[in-house]
Amino acid sequence: MADNPRAIDELVCSLDSEAAGLYLDIGHAHVVAGLVGCELMELVEPVLDRVIVFGVHDNFGAAPGAPRSGGIEPLRLDLHMPPGAGTVPWAALGPALAAHPAPVQPEIHPNLPPEPATLAILATELLGLRAPAPAA
């Protein structure tokens, strides 16, 4: 599966180039983790050393019995919700994202934008990110 971080990591490694890196889409990895029956961190941890950008969004994953939004099957529609609106385990994943030097790129659907204050709370509470100090 193309969304499997391990398969993409193998491709990046086969390129044998310092210029190649991994764009790790957390929402897609969450779905794949459910499909293969493992925890998200089990899927993500082995590829962290090659990640150059994290794409972050939430969804309901692929676990059997997972909550469904309005009857939508998440495997057919990756909802690209703000972090915290779905079932991505941000508390487990947040420390790894916060400690990693790669930037975090939100991938939130335009019809689901959080308020800026809500996004700031999500960034600090779920991802462990800290806002820059105000300029003097």
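Our subject is the structure that appears above.
In this report, we go over the structure that sits alongside the text. (Residues numbered from 1 in each chain as written. Predicted model: local features only at pLDDT ≥ 70, side-chain atom pairs only at ≥ 80, totals over all residues. Heavy atoms only, no water.)

### Thoughts on the overall build of the protein
Right, so step 1: Scanning the protein for helices and strands turns up 5 helices and 3 strands.
Right, so step 2: Helices (α) and strands (β) of the protein occur, in sequence order from the N terminus, as α-β-α-α-β-α-β-α.
Right, so step 3: Long-range contacts, defined here as pairs at least 24 residues apart, represent 74% of the contacts in the protein between residues at least 6 apart.
Right, so step 4: Accessible surface for the protein amounts to roughly 7800 Å². Of this, 60% is attributable to carbon and sulfur atoms. (Helix = DSSP H or I, 4+ residues; strand = E, 2+ residues; numbered from the N terminus. Contact = heavy atoms within 4.5 Å. Areas by Shrake-Rupley, 256 points an atom, 1.4 Å probe, with all protein chains shown as cover.)

### Looking at the pairing of strand 2 (residues 51-56)
Right, so step 1: Note that strand 1 (residues 22-25) and strand 2 share 4 bridges and pair parallel. Note on strand 2: the bridge partner recorded for tyrosine 23 is valine 53.
Right, so step 2: Bridging between strand 2 and strand 3 (residues 104-106) involves 3 bridges; their strand directions are parallel. Within strand 3, the position partnered with glycine 55 by the bridge is glutamine 105. (Pairing = 2+ DSSP bridges.)

### Quick notes on unusual backbone geometry
Right, so step 1: A positive phi angle, close to 50 degrees, is found at histidine 80, a residue other than glycine.
Right, so step 2: Here histidine 80 is to be found in the loop between strand 2 and helix 4 (90-99).
Right, so step 3: Exposure remark for histidine 80: the relative accessible area of 18% places this residue in the buried category. (Buried < 20%, exposed > 50% of the residue type's maximum accessible area, 1.4 Å probe, protein only.)

### So, the side chain of asparagine 59
Right, so step 1: Here asparagine 59 is to be found in the loop between strand 2 and helix 4.
Right, so step 2: Judged by its relative accessible area of 1%, asparagine 59 falls in the buried class.
Right, so step 3: Polar side-chain contacts of asparagine 59 include one of 2.9 Å to the backbone oxygen of glycine 27.
Right, so step 4: Residue contacts for asparagine 59: discarding those within four places in its chain leaves Gly27, His28, His30, Val31, Asp78, Leu79, Met81, Gly86, Thr87 and Val88. (Polar contact = N/O pair within 3.5 Å; in protein donor to acceptor, adjacent residues only side chain to side chain.)

### Section: the nonpolar core
Right, so step 1: Judged by nonpolar contacts, the single largest core of 22 residues is most densely connected at Ile26, Leu40, Phe54 and Leu93.
Right, so step 2: Secondary structure elements with two or more residues in this core: strand 1, helix 2 (26-36), helix 3 (40-44), strand 2 and helix 4.
Right, so step 3: In this structure, leucine 93 is in contact with Ile26, Leu40, Met41, Val44 and Val88, ignoring residues within four places of it in sequence. (Core = buried A, V, L, I, M, F, W, Y, C linked by side-chain atoms within 4.5 Å.)

### Here we look at helix 2
Right, so step 1: For helix 2, the full list of buried residues reads Ile26, Gly27, Ala29, His30, Val31, Val32 and Ala33.
Right, so step 2: Elements that come into contact with the buried residues of helix 2 comprise helix 1 (5-15), strand 1, helix 3, strand 2 and helix 4.
Right, so step 3: Positive phi appears at glycine 37, one or two residues downstream of helix 2, with a value of about 75 degrees.

### Observations regarding the environment of proline 82
Right, so step 1: Within the secondary structure, proline 82 is located in the loop between strand 2 and helix 4.
Right, so step 2: For proline 82, a relative accessible area of 11% puts it in the buried group.
Right, so step 3: Along the chain, proline 82 and glutamate 107 lie 25 residues apart, while their C-alpha atoms are 8.0 Å from each other.

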